[in-house]
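Fold and contact review
What follows is the residue order along each chain.
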Amino acid sequence: MSYNRIAVYGHRGWASSAIFNALVASGAPIKLIHRPGSDVSSVPSSVSMVELDIEKQQQELIAALQDIDIVISLVGLEGILKQHAFVKAIPSTNVKLFVPSDLGVRADDEQGLRVPMKKTKDEVEEAAKKADISTTMVQVGCFAESAFSIGILGIDYPGNRMVFTGDSANQFVNICTRDYVAAAYASIFASTPPAKLAGRVIGISELKATGSEIAAALKKKYGAEPQIFRHSLEKVNDEVETCIKNGIPLSLAWWVRKMWGSGTLVGLVGNEVWEVEGYKKVSLEELLVGGKLAPYRNMPPQIVQAFNDTIQ
Ligand SMILES: NC(=O)c1ccc[n+]([C@@H]2O[C@H](COP(=O)([O-])OP(=O)(O)OC[C@H]3O[C@@H](n4cnc5c(N)ncnc54)[C@H](OP(=O)(O)O)[C@@H]3O)[C@@H](O)[C@H]2O)c1
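Source: prediction; values computed, not measured. (Residues numbered from 1 in each chain as written. Predicted model: local features only at pLDDT ≥ 70, side-chain atom pairs only at ≥ 80, totals over all residues. Heavy atoms only, no water.)

1. Details of the sheet that holds strand S3 (residues 48-51)
As a reminder of what qualifies: At least two bridges found by DSSP between two strands is the condition for calling them paired. What counts as a helix is a DSSP run of H or I of at least four residues, what counts as a strand is a run of E of at least two, and both are numbered from the N terminus. Lines fitted to the C-alpha atoms define the axes, with helices restricted to the stretch that makes contact. Angles between their N-to-C directions range from 0 to 180 degrees. Residue contacts are counted whenever heavy atoms from the two residues lie within 4.5 Å of one another.
Pairing is parallel across the open sheet formed by five strands, whose spatial order is S3-S2-S1-S4-S5. This sheet does not close on itself; its edge strands, each paired only once, are S3 and strand S5 (97-99). Here the strands of the sheet are splayed against their neighbours by 20 degrees on average, with no regard to which way each runs. Relative to strand S4 (residues 70-73), strand S1 (residues 6-9) runs parallel, the two sharing four bridges. Counted as the bridge partner of alanine 7 is valine 71 from S4. Helix H1 (residues 14-25) rests against S1, strand S2 (30-34) and S4 of the sheet, and its axis sits at about 150 degrees to S2.

2. Topic: the packing of aromatic side chains
Going by this rule: Aromatic rings from Phe, Tyr and Trp, with only the six-membered ring used for Trp, were paired whenever their centres fell within 6.5 Å, and each pair was classed as stacked if the ring planes differed by under 30 degrees, edge-to-face if by over 60, and tilted otherwise. Each residue is assigned to one of three classes by its accessible area relative to the maximum for its type, calculated with a 1.4 Å probe on protein chains only: buried under 20%, partly exposed between the two thresholds, exposed over 50%. Whether a charge sits over a ring comes down to the Lys NZ or Arg CZ being within 6 Å of the ring centre and within 35 degrees of the ring normal.
The full count for this structure, using the stated rule, is seven aromatic pairs. Here the aromatic rings of tyrosine 185 and phenylalanine 189 are separated by 5.5 Å at their centres, their planes lie at 45 degrees, and the arrangement is tilted. Here tyrosine 185 pairs with phenylalanine 189, and both are found in helix H7 (residues 178-189), just four residues apart, close to one helical turn. A relative accessible area of 0% means that tyrosine 185 is categorised as buried. Pairwise contacts between aromatic rings join Tyr9, Phe86 and Phe98 into one cluster. When the ring centre of tryptophan 254 is taken as reference, the NZ or CZ atom of arginine 257 above it lies at 4.7 Å.

3. Details of the domain arrangement of the chain
To keep things clear, this is the line we draw: All the domain ranges listed were derived from an automatic or database domain assignment. Buried area, as used here, totals the accessible surface that two parts lose on assembly, with accessibility defined by a 1.4 Å probe and the loss added over both. A pairing counts as a salt bridge when a side-chain nitrogen of Lys or Arg comes within 4 Å of a carboxyl oxygen of Asp or Glu. Any pair of N or O atoms that falls within 3.5 Å is considered a polar contact. Within protein, one atom must be able to donate a hydrogen and the other to accept it, and sequence-neighbouring residues count only if both atoms are side-chain atoms. Here the term charged refers only to Asp, Glu, Lys and Arg, the term nonpolar to Ala, Val, Leu, Ile, Met, Phe, Trp, Tyr, Cys and Pro, and the term polar to all other amino acids, Gly among them.
Its domain assignment divides the chain into domain 1 (6-141 + 177-203) and domain 2 (143-173 + 207-265 + 279-308). Computed over C-alpha atoms, the centres of domain 1 and domain 2 are 27 Å apart. Each side of the interface is counted separately: domain 1 has 22 residues, and domain 2 has 20 residues. Taking both partners together, domain 1 and domain 2 bury about 1,700 Å²; carbon and sulfur atoms supply 69% of that area. Counting the surface domain 1 buries against domain 2, the share from its top three residues, Trp14, Gln111 and Thr177, is 39%. Counting across the domain 1 and domain 2 interface gives one salt bridge. In this structure, the salt-bridge partner of glutamate 241 is arginine 114, at a minimum N-O distance of 2.7 Å. Where domain 1 packs against domain 2, one counts six residue pairs in polar contact (both at pLDDT 80 or more). If you list the elements that add at least two residues to the side of domain 1 that touches domain 2, you get H1, helix H5 (116-130) and H7. At five residues, H7 tops the list of elements feeding residues into the side of domain 1 that touches domain 2. When grouped by side-chain class, the residues that make up the side of domain 1 that touches domain 2 number 12 nonpolar, four polar and six charged.

4. Some details on the environment of glutamine 83
If you trace the backbone, glutamine 83 turns up in the loop between helix H3 (79-82) and helix H4 (84-89). The spacing of glutamine 83 and glutamate 125 is 42 residues in sequence and 9.5 Å in space, taken between C-alpha atoms. Excluding anything up to four places from it in sequence, glutamine 83 contacts Ser73, Val75, Phe98, Pro100, Ser101 and Val124.

5. Considering the sheet that holds strand S9 (residues 161-165)
Pairing in this open sheet of three strands is mixed, and the strands run S8-S9-S13 from one edge to the other. Two strands in the sheet have a free side with no partner beyond their single neighbour: strand S8 (155-156) and strand S13 (227-231). Note that S8 and S9 share two bridges and pair antiparallel. For isoleucine 155, the partnering residue across the bridge sits in S9 and is methionine 162. On the sheet, helix H9 (residues 211-222) packs against S8, S9 and S13 and is oriented at approximately 165 degrees with respect to S9. Set on the sheet, helix H11 (residues 251-261) makes contact with S8, S9 and S13; between it and S9 the angle comes to about 65 degrees.

6. Description of H1
Think of an α-helix as turning once every 3.6 residues; residues three or four places apart then point the same way. Note the threshold: To estimate how far a helix should reach, multiply one less than its number of residues by 1.5 Å.
Relative to the 16 Å expected for 12 residues at 1.5 Å per residue, H1 spans 18 Å between its end C-alpha atoms, a close match to the ideal helical length. H1 sits mainly inside the fold: nine of its 12 residues count as buried. Among the structural elements, S1, S2, S4, strand S7 (142-143), helix H6 (144-149) and H7 are those in contact with the buried residues of H1.

7. Brief notes about the site of the ligand
Rule in force here: Residue proximity to a molecule or strand is established when one non-hydrogen atom of the residue lies within 4 Å of it. Values of accessible area rely on a 1.4 Å probe in the Shrake-Rupley scheme; residue burial ignores everything except the protein chains shown.
Taken together, 29 residues form the shell around the ligand, and within it Arg12, Arg35, Ser101, Lys121 and Arg297 come nearest. Between the ligand and the protein, one listed contact pairs an oxygen atom with a side-chain N or O atom of serine 38 at 2.8 Å. Summarising the interface, the protein chains cover 88% of the accessible area of the ligand, which totals 910 Å² for the free molecule. Secondary-structure elements contributing two or more residues to the shell around the ligand are H1, H3 and S7. Partitioning the shell around the ligand into residue classes produces 11 nonpolar, 11 polar and seven charged.

8. Regarding the pattern of salt bridges
Summed over the entire model, instances satisfying the criterion amount to 18 salt bridges. In this structure, the salt-bridge partner of lysine 56 is aspartate 53, at a minimum N-O distance of 3.9 Å. Taking relative accessible area as the criterion, lysine 56 reaches 72% and is therefore assigned exposed. A salt bridge links glutamate 272 to arginine 200; the shortest N-O distance between them is 2.6 Å. Within this pair, whereas glutamate 272 is found in the loop between H11 and helix H12 (284-288), its partner arginine 200 is found in the loop between helix H8 (194-197) and strand S11 (201-203), the two being separated by 72 residues in sequence. Its relative accessible area of 34% is what places glutamate 272 among the partly exposed residues. Overall, the relative accessible area of 24% leaves arginine 200 in the partly exposed class. A network of salt bridges, in which partner residues are shared, links Arg106, Glu125, Glu126 and Lys129.

What follows is the structure, given as structure tokens:
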């Protein structure tokens, strides 16, 4: 088997650390590009490391990418914006494929493209296209660990409560555990020739469930019907607009719920779903009833409260 030479940026986050570890374990040669001050104490010795401020050290970034086939960015938060530095550098290298940090769903509506996180990610993808850089976008829908524990989708698993938005009771949502996403990244990128991945939007899907199926799993878990709230599509549409207008960081959550309630969310991972050979996928029942749901990262109490307040 011939491995791709992969550079990773953003190795230490909640999702990204698992993906990074799976890429390292795949056997592909990995180069970690990390910002100054980033904790690299747990990076295995097989990984080569380059410390760089990618925005201020363009020439060093170009030099670091000379022996790389695929750049996989897994940054979060303000790091998303910094990916424009890769767009500037890659044309001066031999990199064959750029995989920007996305790990969500594609926004193909005007409003979704105004949601700040989606807008920033979309601008990176567009800039890469303009620079003639081959990209692969990976879409996972919602991570199980965040979807069920912090109320992004209007589901309060610990509190046995949930919101049905529009027709979400009957519409599917695409869910992946972090472990599955990590296995999928290794399966997709370790040895597939970059030319076969270029220009593709690859979906990852571990399970799909409707709102009613999730409510039934909650009932089975707790032996009591979950408390159900109902939000109209008009209400969530107004919430998206209010959040965008006022810079409230809940716009993504309200927009995702709107997409779910209108039946479009499940399709936003695209038509090309990558299956991880030999992987035993988890079921909704195993996650919610059988105790297989792993915890999400620790969230600041005010964020937890803000999500809680949307479930009423
Ligand atoms: N669909 C979903 O449900 C879902 C859920 C969670 C995450 N995601 C997506 O998954 C991707 C990775 O998320 P994550 O939660 O693993 O990310 P994260 O925890 O926020 O951070 C990942 C990495 O980003 C780096 N980073 C953060 N701010 C930076 C900055 N200003 N400059 C440079 N680097 C910076 C960190 O570097 P250091 O090591 O130097 O600190 C870290 O290694 C993101 O695109 C995120 O939106 C999607």
